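One-letter residues, chain by chain:
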Amino acid sequence: MKTKPILFLSLALTAAGLARADQVDAATQARLERLKDSGSPVTEDAAKVAPPQQPDLDAETKARIEAFEKAGPSQIDVSNYPAPIKADYELFREKCTLCHKLSRPIYSTYATPEEWSHYVKRMMFRPGSNIGTGASKKIYTFLVYDSSIRKKALLEQKLAQLTPEARAVQVAKIKEIVQQAEGK
Ligand code: HEC
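Residues numbered from 1 in each chain as written. Predicted model: local features only at pLDDT ≥ 70, side-chain atom pairs only at ≥ 80, totals over all residues.

J.: Hey, could you go over the overall build of the chain for me, with residue numbers and the actual values?
T.: When its secondary structure is counted, the chain shows ten helices and zero strands. Its helices and strands in sequence order give the chain the pattern α-α-α-α-α-α-α-α-α-α, from N to C terminus. At a minimum sequence separation of 6, the contacts of the chain that also span at least 24 residues come to 72%. (Helix = DSSP H or I, 4+ residues; strand = E, 2+ residues; numbered from the N terminus. Contact = placed C-beta atoms within 7 Å.)

Structure follows, in structure tokens:
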């Protein structure tokens, strides 16, 4: 008879959406760790965000993820980036650490606007991503700008492999973002 009132109370609390924020489950705890890792502010709100569903990853993907995490710090030094890009970085840091560490996009081999557009959309449409159209555009802008600096060699290599027409489209997109960011 002892457990019954407690069970009833917790059911009632859950039903009313009042489950206590300090009752953090393992998935939320993991998310908080990732946020701490990325240098993002860890707020009480973060603990209340429902952990998104993670598909089961195969061994190869898991190995790749581990390699990303060992590649270097899960932050980018944006101190020399223009102010609007610094603001976009904050959003990137906040939104893209919900399901994995920031090291995944940081050390991924995606570099062209086309690749980032595709990937940001893919992440945005994952259940529970909490990324809206406005945020996705800003994150895309950050990633294209960042790739033009931090992944310059890789980006040039990728652009060189495109047809002249496709390359012109990508180059124009990069130029637009860089010029806008630098206020030119
Ligand atoms: C809702 C959960 C979720 C959010 C939010 C999320 N991701 Fe992901 N991300 C995943 C999952 C799951 C995978 C692995 C499966 C896949 O590649 O789709 C992944 C994989 C990736 C990869 C692939 C790495 C590789 O080469 O395999 C990159 C890059 C990436 N995410 C970038 C981002 C960026 C940038 C954002 C923010 C716009 C973001 N993610 C937000 C769940 C998420």
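Structure shown, so let's carry the discussion forward.
J.: Got a sec to walk through the site of the ligand? Specific residues and values, please.
T.: Near the ligand you find 22 residues, and of these Cys96, Cys99, Ser108, Met123 and Arg126 are the closest. Broken down by secondary-structure element, the contributors of at least two residues to the shell around the ligand are helix H6 (103-107) and helix H7 (113-124). Among the elements that make up the shell around the ligand, the one with the highest residue count is H7 (four residues). Considering only residue class, the shell around the ligand consists of twelve nonpolar, five polar and five charged. (Near = placed C-beta within 6 Å. Nonpolar A, V, L, I, M, F, W, Y, C, P; charged D, E, K, R; others polar.)

J.: Quick one: what's the story with the packing of helix H8 (residues 133-150) against helix H10 (residues 164-181), residue by residue and with numbers?
T.: For any two helices packed against each other, the geometry comes down to the angle between their axes and how far apart the axes lie. One can describe the packing of H8 onto H10 by two numbers: an axis separation of 9 Å at closest approach and a directional angle of 95°. On the basis of their axis angle, the class for H8 and H10 is roughly perpendicular. Only Lys173, Ile174, Ile177, Val178 and Ala181 of H10 make contact with H8, whose side of the interface consists of Thr141, Val144, Tyr145 and Ser148. Of the residues that constitute the contact of H8 with H10, the class distribution is six nonpolar, two polar and one charged. (Axes fitted to C-alpha atoms, helices over the stretch in contact; angles between N-to-C directions. Parallel < 35°, antiparallel > 145°, perpendicular 65-115°, else oblique.)

J.: Kindly report on H10, identifying the contributing residues and their values.
T.: The terminal C-alpha atoms of H10, which comprises 18 residues, lie 26 Å apart, in line with the 26 Å expected from a rise of 1.5 Å per residue. At the C-terminal side of H10, Gly183 shows a positive phi close to 65°. (Expected span 1.5 Å × (residues − 1).)

J.: Quick rundown of unusual backbone geometry? Include the residues and the values.
T.: Positive phi, close to 60°, is recorded for Asn130, a residue that is not glycine. If you trace the backbone, Asn130 turns up in the loop between H7 and H8.

J.: Can you tell me about H7, naming the residues and giving the values?
T.: For H7, spanning twelve residues, the distance from its first C-alpha to its last is 16 Å, which sits close to the expected 16 Å at 1.5 Å a residue. Buried residues of H7: Pro113, Trp116 and Val120, and no others. Considered in projection along H7, the buried side chains sweep an arc of 60° and stay on one side of the axis. Looking at the packing, one finds that the buried side of H7 touches H8 and H10. (Buried ≥ 20, exposed ≤ 12 C-beta atoms within 10 Å, placed from the backbone. Arc of directions from axis to C-beta.)

J.: For the confidence of the model for the chain, give the residues involved together with the corresponding values.
T.: Of all residues in the chain, 70% have pLDDT values of 70 or greater, and the mean over the chain is 80. Confidence scores differ between elements of the chain, with helix H1 (residues 3-15) showing the lowest mean pLDDT of 44 and helix H9 (residues 152-160) the highest of 98. Low confidence marks residues 5-23, where pLDDT is under 50. Its contacts with residues over four positions away, or in another chain, come to six contacts. (pLDDT = per-residue confidence, 0-100.)

J.: An account of the packing of H7 against H8 is requested, with residue identities and associated values reported.
T.: At their nearest, the axes of H7 and H8 sit 10 Å apart, and the two run at 145° to each other. Handedness of the crossing formed by H7 with H8: right-handed. For the pair H7 and H8, the contacting residues are Pro113, Trp116, Ser117, Val120, Lys121 and Met124 in the first and Ser136, Ile139, Tyr140, Leu143 and Val144 in the second. A breakdown of the residues in the contact of H7 with H8 according to their chemical character gives eight nonpolar, two polar and one charged. (Left-handed = near helix turned anticlockwise from the far one by under 90°.)

J.: Outline the environment of Arg93, listing residues and values.
T.: By the element assignment, Arg93 lies in helix H5 (residues 83-95). Along the backbone, Arg93 and Ser74 are 19 residues apart, and their C-alpha atoms lie at a distance of 9.6 Å.

J.: Quick rundown of the nonpolar core? Include the residues and the values.
T.: If you look at the biggest cluster of nonpolar residues, it comprises 18 residues, and the most contacted ones within it are Ile85, Ile139, Tyr140, Phe142, Leu143, Val144 and Tyr145. When residues of this core are traced back to their parent elements, those giving at least two are H5, H7, H8 and H10. If one sorts the elements of this core by residue count, H8 sits on top with six residues. Excluding residues that lie within four positions of it along the chain, Phe142 makes contacts with Ile85, Asp88, Tyr89 and Phe92. (Core = buried A, V, L, I, M, F, W, Y, C linked by C-beta atoms within 7 Å.)

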